[in-house]
Structure formats: structure tokens, C-alpha cells
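Close look at the chain arrangement
The lines below spell out each chain.
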Amino acid sequence: MKRHGRRPRFTSPLTDARNRAAELLGRPLRRLRPATRLVIGFFALSLLSTALLARTGPAMPASEAYQEGDIVSADVTSPADISTVDEGQTARRRDAARHAVAPVWTYDPARIEQALQSFRSSWTTLRQQAESRASDANSNNAPSPGDLVWPGPAEDPVGAARAVAAHRFDPSALEALTRILREQGGGFVYDERDAAHLKQEGQMIEVRGGTPPSVSVSQAGFSSVSAARESLRRRVSQLAGWTAQERESIASALVPLLRPNVYYDVPATESAAEAAARAVAPAVVTLKRNQTIAREGDTVTPHMLGQFAAVRRYSQTERRPQLYIGLFLLVCALYWGAWRFTEYRSTITTLPLAPRRAFALVGISVLYGLLLMRVGFALAESIAAQSTHAPTNDVGLWTFAIPFAAAALLVTLLVDTQLALITAVLTAFFAGLLAPGSMLTSCFALVSSSAAIYGIGRYRERQSVTKAGLLVGAFGVVLAVAVMLTAQKPLTLNAILLAAACALAGGILTAIFTGGLLPVNESLFGILTDVRLLELSNADLPVLGQLALRAPGTNQHSHAVGQLAEEACRAIGANTLLARIGALYHDIGKLAAPEYFVENQSGYNPHDRLRPQQSARIITSHVTYGLKLAREIGLPHQIASFIPQHHGTRTLHFFLRKAQAEAAEGETVDEKEFRYPGPKPQFKEAAIMMLADSCEAGARSLARPDPESVRTIVSKIFDAVVSDGQLDECDLSLRELTKVREAITASLVAIYHARIDYPGFNPPSLDPAQAPHIPPADFDSEERGYRRPIEVPISRGGEVEDEALSGDIKK
């Protein structure tokens, strides 16, 4: 704790920075009227909820998972008249049309002519070479075969040249060889690499162009280039008048010339296939409203898949805007009902929050639960989709692990069980919209939330959340089996164990997510749970430590008032813990000047030397300073409310009369300078605090606080407070007021009980005339004088004003 100016600093720099940031961020909203903020928050909540609910088309929530051969889990009907293209069936038909297209071949008839021309050219060149060499050698025209080489492509060019020269370039031999080459290469010769595209039918396109005729592959004489060459060798080997070596050599010159003249035309075939696919008419799916597409237990067929896709497409396109609008209106109606119930609930009971803040907490809790459910359902579907064996492939079993009760448990611990029940109903309804099982999932969510709401007591310890989670898990196991029986799921041992494990996990997750969000909402909404109140009672907190150190009398007075207020609240069923903790902080403003308050004085009264206006200003300022200090340390609003309300709007009558007596003739004393700023008590605990504070001070002022004196002064204070109208703004009834008076009287009597008479000692006389004289040095500061109840300085508002009396009078 650091010094802040001339007084202690009760907050860290980080807390100050956080408070300033929150103030800056919330400033735009605070400029709006409360009704405007409510409308903005209402529609923002509805929009966010609608966005989380709009996950898939409601007509077929499970159709995405169907495949051919699956079993339909529920009846599927058409939500409207639908006429749409079956993309799957259309794609299958077009693929079939593409595969049915005959391959396109390109035919080049000039290829064989080029081969013939090449062979004749080589024959002529070889003959010219032979004739030229013969003339140069002046021979008898008999060339030397060993000097000639076949000029064209050949495996054995020397042998081919010798074979032709041996037959003296006989024209008939040339004609026979070219005829064989024409006949073998004049058909449809294709490359072996195109053999995979051969079909029964095909289309032929000549290089020169023209309309592609349809040809029969089997009848058109298609042959591979290797088969054609082998046939060529076989026919050459049958030539008459040629030796075997000559036939082999001349064949080696003919075979290279025989090449494919038919080629598989890839671009032309693909173009023809696409043209055929475009010519296929789309497959149309036509459905009527309420037409049954599939019944539970049917086997999914390709035709059903097309119908499912049509319904799904309709839900995701035409019906998507309708879905959003319908969900938004439905969510708005539900939240409006919750808001009206919250308003009604605030009129019949005292809620720890204002109606709008209570509704905001309900809405945020439902939104939080909706987010958990959305994520939970997505995870359940993902886990089930990855498994192919029962029971792990059942989505419904995995959904038992979703923490449905987290939102209702959060509202139960923070606000009220009835508002928590409304939260549970909204959560269950939204779970039905999200879940595949719909009604059964809603029932499971509602009963789980009810177990969390009514299965725990007051939130006095952190373990309450864990106990609630375990209780939800135990109920969930029974509910899970009930849901399985209702849904007629197979009750195998593995299925029951999986369902029980998921239900227990759901209870544990409920405790985890609720416990994690509790402190956030306590801080965000300023809610005082019993646990938070117990934390505020820690004497090591800086403010309480400083109060005990610098103002010990005020600290003792606060504890005594807390004890009285706690007993009084217990008598009428009010919040005892709130009253006791409020008493610890109701006078923290006295830290500014503790010596100016009588409980911290030891004989000397500084007010004796001050003007009445100054004294009144100092005394009343402990309220304003206390509120400032409460804001600085982040004290919850309900606790801070005790600071101004325990004094109300009462007037310091003794200082007022003293000021009037000291005023000059004609001078007017302003009564407002002697009045507390208020307001009057707004709730029962604050009213009880006002009464207990005055009664404790009055009883402490008595010299002999015997039961009769205590009862007399308590009644006097109660009558004064009621007569002054300080209890007009709280809901404390006369019957409750009587119980409060009796409880405070009994507590004061118990605190200031008479001592036991010991044998041999005479008790002092009650007659003031016979009372022994006590020297001033032995004066007990706790008794502050010997007064009868009628002598205690009680103002018209029922407040004991010891500060108005001088030290001599008090003695």
C-alpha cells in the first residue's frame, strides 16, 4: 500500500489504469438513455443468437452425412414444391456421354506415296551410281557390287545395293517391290502407343480435311506398324528369283519406309466428347410439398441422393433468408418473454441487480451456453464421423458431454433460481434447434439444468460449483439411459458406458465453464455472491487494516453493529452476510479524520473549539469521503450503498441548535449545512444498518446498560427513526420492524449483560444518590459517562450525537 498525497493509496497503478480504460470505453454508452441502451443490447443479443443458431437448413439436418447404401435415420419430406437440376445425375450422364464418344483418328494417305517415292528415288540413284562407275572403268557394263551402297534408309545398305545390282535394276522387280510396299502401307497403320484408344467404332479425319466419317475398327483393317512391317518381310521373303540373302537385304530397305499413317487425335476427341456432353439434357428433380422422399430405415439410393441434394440446396439458397428472418423473430420473441418475466420477478422479490442488468446477465449467460452448445455439437459430429463402428459413430451419445447446464447454473449462483429456470428453458429450446435429436436433446438439457438449479444451496464456498457439476453429471447418467430407451437405441454395454462417461464429462465441463465465468460476471455486473462477501471480510484488506490501525474505536463499533445487524436480518430472513459485511465498511469515511468521532476520542473533543458549521461539515463529510474511497478501491455497489444510506437524510439537530443559539440577531442558519446527503435506506439491510448503528451507539452511551435501559433507548431510537420518515423508501414492514427491534434489544442485552454477584461482595446500588464517586482518572472511555436513557443525546432522526457534547459534559 502506497501513499497517495496525504493519505494511503488503496489501489495499484494497474487497477487505476484499468478503471480509467473502462470509464473511457463505457462513456459513449452512458451518453445514451437507459431505454436506448436496452433496445440496442436486446437486438445485438438477438442477432448474435440467430447467427449461432443458423447452422444448416432445418428441412434435412442430417442429410450431409448420407451416402449410397446408408440407412435413413428419419423420415425426409420435401418442404416445398421444388424443381431443380440434379447436378450429380447430370454429371453422371455427361460423363457417360463423354466415354461413349468414338475416338477420332487422323489419316494421312500421302504417307505411303511418300514412302514409294523415296524407294523409287533410292532405286534410281543407285542405278545412276552403278552406270557412272561402269562407264568410268570402260567395263562391259558390269558394275562391281562391292562398291555400291543403298542411298536410302536401310538396315543393310550394302546388301540391299548388291541385291538390286544383282538383278541388274530390273524394272519388273521394282514394280513388284513397290506393289508390296503399297499394299502393306496403304491400309490404316497406327502406332502401338495409340493402341489403348482403339474401340469398336471410331471417326476418321483426313489431313486434307472433310467431314469425319464413322468407321468400324474391326472392318477398316487397322493394323499396327509392327504387324504391317512383319507382313512386309513375309511377302518379300516369298519373291521368286531372289536368294534368301537378297530378300532379307531388300526387305531391310523397305521396312523403314513403312510408317504409321493413322494417329489418335487427342484435341479432336476431347472436343467431340465435350460437344456430346453439352448435348446431354440436364437431369431435373421435381418434388411436391410434403412429398415423402425417404422413410426411416430405407436404404439410400443414387436417386435419393439427388433428391436430398435438391432439398439441401433449396434450404441453403431460397430458404436461407427465410431461415434467418424466422429465427431472428423467434429469438426476439423468446428474449422479450424473458425480459418481461425479469421485470415481473423484480416486482415480487428483491433481486441483487436492477431488472435491466438482471436481463443482461440472463442474455449473456444464454449466449454463452449457446456458444458452448454450438462448439459441442460440431465436435460431437466430427468425432462420430471419424468412427465407423458402433457406438462411437453415434452423434447422440457424444452430445451428452455438452455442458447444457452451465448457463442456468451461472444465473443460479449469481442472481435467482427463477431467472435461472427461464435461462434453462431458453437453453433447452436452443439446444433443440441445434441438435439432431431435437426434442429428446431439449428434454435432456432442461432436466440437467433443473438439477443444477435446485440441487445446490447458497453459494458460500467455491466447492459449490464442483458439487453442482457432479450432481449434474449423476443426473445426466440416468437421463442418458432414458434418452437411449426413448430413442430405441441398442442398449449394449459399450453404448451404456459411453453414454455414462459422456454424461459425467458434461457435468464436469459444466463446473469448469461455470467456475471460469463466475468471477468475470461478478466483476462485470457488480454481483455480491456469498463467496465474494466472505472475501471482502478479510481483515488483511488495506482499507480494513487502516481502519483498525487509525480508527480502532470505529473498527470496534463496526464489528458490533455488524453483529447486531446480522441477528436482526436473521430474524426477518434478510441477507445476514450482506448486512455484516456492509457494517465493516459503512464508516470507512472516518479514516479522513478519525479523531473527530467520539468512539476514537480519549477524553478530548476537538469539536469543542470548532464552530457548529465546521463540526457538521466534518461529520457529514465522512459519507462523501467514504463513497469516494469505495469507488477508489472498487467496492461493490451494494456494499458502498451502506455508507450514505445508514445515515439517510437525517439532520445534526444538536449542532443545528448550537449554531442557531450562537447566531447573531437576524442571522439565518441554513439547515442544509447540517443534513446528511442521503439517500434514505433503499433496502432492508440498509434500514437495519441505520437502526443497529444508532442503537449500538445509544447502548454504549449508557452508564448501566441493564435490560430495561437498553429496551427503553432502543424503542426511543426506533420511534425517532420512523417518525422522521427515514424508512419510507424501503420495504421493511411494521411486523418486520418489530422483529428487528426485539432482535437488536436481545443482542444488546447479551453484549452488555450484568456481571455475576460473587459471595462476600455487595453489588453497587442502582440509586444515583448512593453511587460511589469514581475519579476522572479511572474513567472508562467505553462508558463515556453515567446517563439515564432519557439523557442520551438522540436527535429527531434517532441518531446519537455524542460529538455535540463537550468532554466535561460527557464525564
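What counts and how
- Residues numbered from 1 in each chain as written.
- Predicted model: local features only at pLDDT ≥ 70, side-chain atom pairs only at ≥ 80, totals over all residues.
- Heavy atoms only, no water.
- Helix = DSSP H or I, 4+ residues; strand = E, 2+ residues; numbered from the N terminus.
- Buried < 20%, exposed > 50% of the residue type's maximum accessible area, 1.4 Å probe, protein only.
- Areas by Shrake-Rupley, 256 points an atom, 1.4 Å probe, with all protein chains shown as cover.
- Phe/Tyr/Trp six-rings, centres within 6.5 Å; stacked < 30°, edge-to-face > 60°.
- Lys NZ or Arg CZ within 6 Å of the ring centre and 35° of its normal.
- Salt bridge = Lys/Arg side-chain N within 4 Å of Asp/Glu carboxyl O.
- Axes fitted to C-alpha atoms, helices over the stretch in contact; angles between N-to-C directions.
- Parallel < 35°, antiparallel > 145°, perpendicular 65-115°, else oblique.
- Left-handed = near helix turned anticlockwise from the far one by under 90°.
- Contact = heavy atoms within 4.5 Å.
- Nonpolar A, V, L, I, M, F, W, Y, C, P; charged D, E, K, R; others polar.
- Patch = residues over 30% accessible without salt bridge, like charges linked within 9 Å, V, L, I, M, F, W, Y side chains within 5 Å.
- pLDDT = per-residue confidence, 0-100.

Helix and strand counts for the protein come out as 30 helices and 12 strands. Burial analysis of the protein (811 residues in total) assigns 46% to the buried set. In the structure as shown, the protein presents an accessible area of about 40,900 Å², 55% of it carried by carbon and sulfur atoms.

Moving on, we get to the packing of aromatic side chains. Geometry of an aromatic ring pair is reported as the spacing of the ring centres plus the angle between the planes. Tallied over the full model, the rule gives 17 aromatic pairs. Taken together, a centroid distance of 5.3 Å and an interplanar angle of 85° make the contact between Phe 642 and Phe 683 edge-to-face. Here Phe 642 is found in helix α25 (residues 642-645), whereas its partner Phe 683 is found in the loop between α26 (653-662) and α27 (684-700), with 41 residues between them in sequence. Owing to a relative accessible area of 0%, Phe 642 belongs among the buried residues under this scheme. Members of the aromatic cluster, each reached through a chain of ring pairs, are Phe 42, Phe 43, Phe 328, Trp 339 and Phe 359. Sitting over the ring of Phe 654, Arg 657 keeps its end group 4.6 Å from the ring centre.

Below, the discussion takes up the pattern of salt bridges. Enumeration according to the criterion identifies 22 salt bridges in this entry. Put simply, Arg 182 and Glu 113 hold a salt bridge, and the shortest N to O gap is 2.8 Å. Here Arg 182, found in helix α6 (residues 171-185), pairs with Glu 113, found in helix α4 (residues 110-136); they are 69 residues apart in sequence, far enough to count as distant. Relative accessible area serves as the criterion here: at 38%, Glu 113 is assigned to the partly exposed category.

Two elements in contact, helix α21 (residues 552-572) and helix α29 (residues 734-751), have axes separated by 8 Å at closest approach and are oriented at 140°. With respect to each other, α21 and α29 are oriented oblique. Between α21 and α29 lies a crossing whose hand is right-handed. Mapping the contact onto sequence places Gln 563, Leu 564, Glu 567, Ala 568, Ala 571 and Ile 572 in α21 and Glu 736, Lys 739, Val 740, Ala 743, Ile 744, Ser 747, Leu 748 and Ile 751 in α29. A class-by-class count of the residues in the contact of α21 with α29 yields nine nonpolar, two polar and three charged.

This next bit is on a nonpolar patch on the surface. Residues Leu 371, Val 375, Leu 379 and Ile 383 make up a contiguous nonpolar surface patch of roughly 340 Å² in combined accessible area. Tracing the backbone shows Val 375 in helix α12 (residues 355-385). For Val 375, a relative accessible area of 44% gives the class partly exposed.

Before going further, it helps to examine the packing of helix α23 (residues 612-632) against α26. One can describe the packing of α23 onto α26 by two numbers: an axis separation of 9 Å at closest approach and a directional angle of 160°. With respect to each other, α23 and α26 are oriented roughly antiparallel. Classified by chirality, the crossing of α26 by α23 is left-handed. Contacts between α23 and α26 involve Pro 612, Gln 613, Ser 615 and Ile 619 on the former and, on the latter, Phe 655, Lys 658, Ala 659 and Glu 662. Looking at the contact of α23 with α26 residue by residue, the classes come out as four nonpolar, two polar and two charged.

Quick look at the confidence of the model for the protein now. Residue-level pLDDT values for the protein average 82, and 85% of them are 70 or greater. Scored below 50 in pLDDT, residues 139-143 makes four contacts in the model with residues more than four places away or belonging to other chains.

Here we take up helix α14 (residues 406-414). The element α14 is extensively covered by neighbouring structure, given that nine of its nine residues are classed as buried. When α14 is considered as a whole, its buried residues turn out to be Ala 406, Ala 407, Ala 408, Leu 409, Leu 410, Val 411, Thr 412, Leu 413 and Leu 414. Looking at the buried positions of α14, the neighbouring elements they touch are α12, α15 (417-434), α16 (439-454), α17 (463-486) and α18 (493-525).

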